[in-house]
Amino acid sequence: MPIRIQRKRTKGWKAPPNTISVTRPGPFGNPFRPVKAHNEQSRKEAVQKYEVWLRNNSDLKKKVKQELRGKNLMCFCNLRQSCHADVLLKIANQ
């Protein structure tokens, strides 16, 4: 099963093989930003908005399934926090 990877800016760090970035800007970045950047509830709300938006966007959902299925997804979010990449992993690998 594919996993979420935390993208790093550390010198020399490289993404593992079979990993795609889903950060902003990009076709899979979450356009909904948390109202309060370091507030987990605000982060969860942004992820929930993204999930509703994605499920109602059939073209993007199709692209997610075609391009992200079987791939690890990489975002800057801490692995202990809510992240839209988890939504993408779920939809891509249903």
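Calculation rules
Sequence order as written defines the numbering, with residues in each chain counted from 1. Local features in a predicted model are, by the rule used here, given only for residues with pLDDT of at least 70; side-chain atom pairs are given and counted only at 80 or more, and totals for whole chains, interfaces and linings are based on all residues. Hydrogens and water are ignored here; the side-chain numbers use all heavy atoms of the structure. Ring pairs shown here join Phe, Tyr and Trp side chains whose ring centres sit within 6.5 Å, with only the six-membered ring taken for Trp; geometry is labelled stacked below 30 degrees between planes, edge-to-face above 60, and tilted in between. By the criteria applied, helices consist of DSSP H or I runs no shorter than four residues and strands consist of E runs no shorter than two, each listed in order from the N terminus. Using a 1.4 Å probe on the protein chains alone, a residue whose accessible area is under 20% of its type maximum counts as buried, one over 50% counts as exposed, and one in between counts as partly exposed. Remark: a charge is flagged as sitting over a ring if the NZ atom of Lys or the CZ atom of Arg is within 6 Å of the ring centre and within 35 degrees of the ring normal. Counted as a polar contact is a pair of N or O atoms within 3.5 Å, where, for protein atoms, one must be capable of donating a hydrogen and the other of accepting one, and residues adjacent in sequence contribute only when both atoms are in side chains. For this analysis, residues touch if any pair of their heavy atoms sits within 4.5 Å. Note on pairing: DSSP must find at least two bridges between two strands before they are called paired.

Engineer: Can you explain the packing of aromatic side chains? Please cite residues and give values.
Structural biologist: A full pass over the atoms with the stated rule returns 2 aromatic pairs. Measuring from centroid to centroid gives 6.1 Å for Phe32 and Trp53, while their planes differ by 80°, and the two rings are edge-to-face. Within this pair, whereas Phe32 is found in the loop between strand 2 (19-21) and helix 1 (40-55), its partner Trp53 is found in helix 1, the two being separated by 21 residues in sequence. The interplanar angle of 45° and the centroid separation of 5.7 Å between the aromatic rings of Tyr50 and Trp53 together place this pair among those described as tilted. Taken together, the residues span about one helical turn, with Tyr50 and Trp53 both in helix 1 at a distance of 3 residues. Given the relative accessible area of 33%, Trp53 is considered partly exposed. Chaining the aromatic ring pairs together yields one cluster made of Phe32, Tyr50 and Trp53. If you follow Arg9 out to its NZ or CZ, it ends over the ring of Phe76, 4.2 Å from the centre.

Engineer: Any chance you could break down the side chain of Asn93 for me, citing the residues and the numbers?
Structural biologist: Relative to the assigned elements, Asn93 resides in the segment after helix 3 (84-92). A polar contact is formed between the side chain of Asn93 and the backbone nitrogen of Gly70, at a distance of 2.9 Å. Once residues within four sequence positions are removed from consideration, Asn93 is found in contact with Met1, Pro2, Arg69 and Gly70.

Engineer: Lay out the pairing of strand 3 (residues 72-75) in plain terms, naming residues and giving numbers.
Structural biologist: Both faces of strand 3 are covered, namely the face carrying Asn72 and Met74 and the face carrying Leu73 and Cys75. Of the strand pairs in this sheet, strand 1 (residues 4-6) and strand 3 are connected by 3 bridges, and their pairing is parallel. By the bridge assignment for strand 3, Arg4 is matched with Leu73. With 3 bridges joining them, strand 2 and strand 3 adopt parallel strand pairing. Within strand 3, the residue paired with Thr19 across the bridge is Asn72.

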